[in-house]
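Residues per chain, in single letters:
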Amino acid sequence: MPIGQPDPSLPIIQFKDVRKSFGDSPVIQGVELSVKRGEVVVICGPSGSGKSTLIRLVNRLESLTNGDILIEGESTAGLKGAALRKLRSDIGFVFQQFNLYAHLTAHENITLALDKVLGLPKAEADGRANDLLARVGLADKGQHYPAQLSGGQQQRVAIARTLAMQPKILLFDEPTSALDPEMIGEVLAVIRQLAESGITMLVVTHEMGFAREVADRVVFIDQGQIIEDAPPAQFFGATRHPRAQRFLEQLLSPLHGAGA
Amino acid sequence: MTFDWTGVLSGAPLIWLQTGVVTTLAITLAASLLASLLTLVLLALRLSERKLARALASSVTELFRNTPLLVQILFWYFGAYNLLPRDWRDWINNDHPWATLPGNVPLLTPEFLASAWGLGMFSAVFIAEEIRAGLQAVPSGQREAAISQGFAPWQVLRFVLLPQALANAYQPVVGQYLNLMKLSSLATAIGLAEITYQVRQIESYNSHALEAFAVGTLLYLAIGLIMGRALLHFDPKRRRIKKLLHAAPVISEAADAV
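Residue numbering note: each chain is counted from 1, following its sequence as written. Key to labels: chains lettered from A, ligands numbered from 1, both in the order written. Local features are withheld for residues below a pLDDT of 70 in this predicted model, meaning they are given only at 70 or higher, and side-chain atom pairs are given and counted only at 80 or more; totals for whole chains, interfaces and linings count all residues. With hydrogens and water set aside, each side-chain value is computed from the structure's full complement of heavy atoms.

1. Considering the side chain of glutamine 176 of chain B
Residue and element names in this part refer to chain B.
Link 1 in the chain: Strands are runs of DSSP state E lasting at least 2 residues, helices are runs of H or I lasting at least 4, and numbering of each runs from the N terminus. Turning to its location among the elements, glutamine 176 is positioned in helix 7 (residues 153-183).
Link 2 in the chain: The cut-offs for exposure are 20% and 50% of the maximum accessible area for each residue type, with area from a 1.4 Å probe on protein chains only; residues under the lower value are buried, those over the upper are exposed, and the others partly exposed. Glutamine 176 gets classed as buried once you look at its relative accessible area, which sits at 12%.
Link 3 in the chain: The criterion used for residue contact is that any of the two residues' heavy atoms lie within 4.5 Å. In this structure, glutamine 176 is in contact with Phe126, Ile127 and Glu130, ignoring residues within four places of it in sequence.

2. Examining the environment of tryptophan 16 of chain B
Residue and element names in this part refer to chain B.
Link 1 in the chain: The residue tryptophan 16 is located in helix 1 (residues 11-46) in this model.
Link 2 in the chain: Through-space distance from the C-alpha of tryptophan 16 to that of methionine 1 is 25 Å; in sequence the pair is 15 residues apart.
Link 3 in the chain: With sequence-adjacent residues up to four places away left out, tryptophan 16 is seen in contact with Gln198, Gln201, Ile202 and Tyr205.

3. What to know about the packing of aromatic side chains
Given two aromatic rings, one states the distance between the centres and the angle between the planes to describe the pair.
Link 1 in the chain: Stacked, tilted and edge-to-face pairs are distinguished by plane angle, under 30 degrees for stacked and over 60 for edge-to-face with tilted covering the rest, among Phe, Tyr and Trp rings (Trp via its six-membered ring) whose centres lie within 6.5 Å. Enumeration over the complete set of coordinates arrives at twelve aromatic pairs over all chains.
Link 2 in the chain: With 5.1 Å between their ring centres and 85 degrees between their planes, phenylalanine 235 of chain A and phenylalanine 236 of chain A make a pair best called edge-to-face. As far as the burial class goes, phenylalanine 235 of chain A and phenylalanine 236 of chain A line up, both buried.
Link 3 in the chain: The interplanar angle of 75 degrees and the centroid separation of 5.0 Å between the aromatic rings of tryptophan 16 of chain B and tyrosine 205 of chain B together place this pair among those described as edge-to-face. Within this pair, whereas tryptophan 16 of chain B is found in helix 1, its partner tyrosine 205 of chain B is found in helix 8 (residues 195-206), the two being separated by 189 residues in sequence.
Link 4 in the chain: Taken together, the aromatic side chains of Phe220, Phe235, Phe236 and Phe247 of chain A make up a single cluster linked through ring pairs.
Link 5 in the chain: Stacked on the ring of tyrosine 101 of chain A, the Lys or Arg arginine 161 of chain A has its end atom at 4.4 Å from the ring centre. The criterion is that NZ of a Lys, or CZ of an Arg, lies within 6 Å of the ring centre and within 35 degrees of the ring normal, and then a charge sits over that ring.

4. Things to note about the interface of chain A and chain B
Link 1 in the chain: On the chain B side, the residues contacting the 30 residues of chain A number 26 residues.
Link 2 in the chain: Summed over both partners, buried area is the accessible surface (1.4 Å probe) that two parts give up on being assembled. In total, about 2400 Å² of surface goes out of reach between chain A and chain B, with carbon and sulfur atoms giving 57% of it.
Link 3 in the chain: Of all residues in chain A, Tyr101, His103 and Gln148 of chain A give up the largest surface area on contact with chain B, accounting jointly for 23% of the area buried on that side.
Link 4 in the chain: When a carboxyl oxygen of Asp or Glu is within 4 Å of a side-chain nitrogen of Lys or Arg, the pair counts as a salt bridge. For the pair chain A and chain B, the number of links is one salt bridge.
Link 5 in the chain: With its nearest N and O atoms 2.5 Å apart, the salt bridge here joins arginine 56 of chain A to glutamate 144 of chain B.
Link 6 in the chain: Under the rule applied, a polar contact is a pair of N or O atoms within 3.5 Å (in protein, one hydrogen donor and one hydrogen acceptor; residues adjacent in sequence only if both atoms are side-chain atoms). Applying the counting criterion to the chain A and chain B interface returns nine residue pairs in polar contact (both at pLDDT 80 or more).
Link 7 in the chain: Among the elements of the structure, helix 2 (81-89), strand 6 (91-94), helix 3 (106-116) and helix 5 (151-164) of chain A are those that each provide at least two residues to the side of chain A that touches chain B.
Link 8 in the chain: With four residues, helix 3 of chain A is the single largest residue contributor to the side of chain A that touches chain B.
Link 9 in the chain: Nonpolar residues are Ala, Val, Leu, Ile, Met, Phe, Trp, Tyr, Cys and Pro. Charged residues are Asp, Glu, Lys and Arg, and all others, Gly as well, are polar. For the side of chain A that touches chain B, the class distribution of residues is 13 nonpolar, nine polar and eight charged.

5. Overview of the nonpolar core
Link 1 in the chain: By nonpolar core we mean a set of buried residues, namely Ala, Val, Leu, Ile, Met, Phe, Trp, Tyr and Cys, connected to one another through side-chain atoms within 4.5 Å. Ranked by internal contacts, the top residues of the largest apolar core, which has 97 residues, are Phe15, Met201 and Leu202 of chain A.
Link 2 in the chain: When residues of this core are assigned to their parent elements, the largest contribution, eight residues, is made by helix 6 (residues 181-196) of chain A.
Link 3 in the chain: Every residue in contact with methionine 201 of chain A, bar those within four places of it in the chain, is listed here: Glu39, Val40, Val41, Leu170, Phe172, Ile191, Leu194 and Ala195 of chain A.
Link 4 in the chain: Listed in part, the 49 residues of the second largest apolar core include Ala31, Leu38, Leu42 and Ile131 of chain B.

6. A short note on the packing of helix 7 of chain B against helix 9 (residues 209-232) of chain B
Residues and elements named next belong to chain B.
Link 1 in the chain: Packing of helix 7 against helix 9 leaves a shortest axis separation of 10 Å and a crossing angle of 155 degrees. The pairing of helix 7 with helix 9 is recorded here as roughly antiparallel in orientation. Considering the relative orientation of helix 7 and helix 9, their crossing is right-handed. Contact with helix 7, carried on its side by Tyr170, Gln171, Val174, Tyr177, Leu178 and Met181, involves Tyr220, Ile223, Gly224, Met227, Gly228, Leu231 and Leu232 of helix 9 and no other residues of that element. In this analysis an axis means a line fitted to C-alpha atoms, helices contributing only their contacting stretch, and an angle means the value between N-to-C directions, from 0 to 180 degrees. Any angle between 65 and 115 degrees counts as roughly perpendicular, while under 35 counts as roughly parallel, over 145 as roughly antiparallel, and the rest as oblique. The sense of a crossing depends on the near helix, which, turned anticlockwise from the far helix by less than a right angle, makes the crossing left-handed and, turned clockwise, makes it right-handed.

7. Some words on the pairing of strand 4 (residues 66-71) of chain A
Residues and elements named next belong to chain A.
Link 1 in the chain: With five bridges joining them, strand 1 (residues 13-22) and strand 4 adopt antiparallel strand pairing. Within the sheet, the bridge partner assigned to glutamine 14 lies in strand 4 and is leucine 70.
Link 2 in the chain: Here two bridges tie strand 4 to strand 5 (residues 74-75), and the two strands are oriented antiparallel to one another. When the sheet's bridge partners are listed, isoleucine 71 is paired in strand 5 with glutamate 74.
Link 3 in the chain: Only strands joined by at least two bridges in the DSSP assignment are considered to pair. From the end of strand 4 to the start of strand 5, which pair antiparallel, there are two residues, and glutamate 72 there has a positive phi angle of about 50 degrees.

8. So, the sheet that holds strand 4 of chain A
Residues and elements named next belong to chain A.
Link 1 in the chain: Here four strands make up an open sheet; going across it, the order is 2-1-4-5 and the pairing antiparallel. If you trace the sheet from one side to the other, it starts and ends with strand 2 (25-35) and strand 5, each paired once.
Link 2 in the chain: The strands that helix 1 (residues 51-58) touches are strand 1, strand 2 and strand 4; relative to strand 1, the one it contacts most, it runs at about 120 degrees.

In structure tokens, the structure reads:
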């Protein structure tokens, strides 16, 4: 748990008129969104809608074109250098393609940043790595290189690597989209556990079953704008925006959507 | 046609060949160290945020990559060397017993310095390009993962990108160091008494051209093979595979899981 929390009632993340353009094309167009501490927010939308860009803006893997993102009430728009790196080390990011360091074992993948970024003593870093590998069910895979692990195992190591930094916020960018169907379950199980642990999460995913079960809120975006922001029961229930409705229909019944 | 190997492998010619081997090894080592150092400088410039530094590195690269090494060595020896201060040149021309290898091979001579510098500079340009290509082959996700964990830019390079780039580039880089060894034969043009120089000396001494060049060729071959084997022994990918094999039982398990 982070020490010296400001006001816990304050939103932990607050998007304020956030805009992002790549060249002339706007990708995020004036997003306002506020996330409470411990909330699990699922972000969904058609491909190219800007959902990945939206979470990449939070830890500044993409630069803001306009607006600000407050983290625990603090503006982050102007952060640079060491302050920006501190912000990033406090925010975990899980990639679609896992992005484990290919030249390091699973164990070393976890300890590298503990050593070089947080400056933890070796014993403590090793301890964290062992604990987390056990937590994601891979206690025996520490000495394996990423290429020796299945996609699902790699993603679980990537999640362990992220958790080792003890982040305040976790961002997931389509964490199961690159996985074979039979491995999606093992990764979702780990993420579900995390959601229950009370950590704040923003999850971009197409796994609607997961969203329905785990999310506190579902945010639907299209063309860089938030179209709908509702609890899952409401989002998957009756009232909703026609575009969100079409999206859900296609996702739940792809053949119907393509044929219609 | 008969061969007379004793004309090459005894008496003065044998001593010359020995001196030649020591000189070739010495120039290869000195130029390799220099090349490694210059590679670091070139890479630092190439990867710099400053446009001017990058432009400087790429002009140097183009210049040294696209002109003949022989011309470069002649330039350093006959041209640039004379721009050094008088005192330095006088000092270099003095006797330096402490800088003399067995077989009476002096290291502090204009010939040795110009050759080492010329070979080092020429090789560095190629080695730096190989490593740069190795860097470009590292998937962009590796960089993003490191940035998202809060690594500083130099740490991303040092701990994540370079180790992978070096592994990617290792074989071509070894090839460049082997090239350097072979190209040291060009230093014969400025009178560095390495293998090729000695072979030609034998040839003019007793006209045993065929034998002398055969022995010279074999010497280069031997050095090249030993050097190549030794360097490939340190291939990071090879070592990774070795480590992998040590964990053999778990691997088959992982293979089952895939």
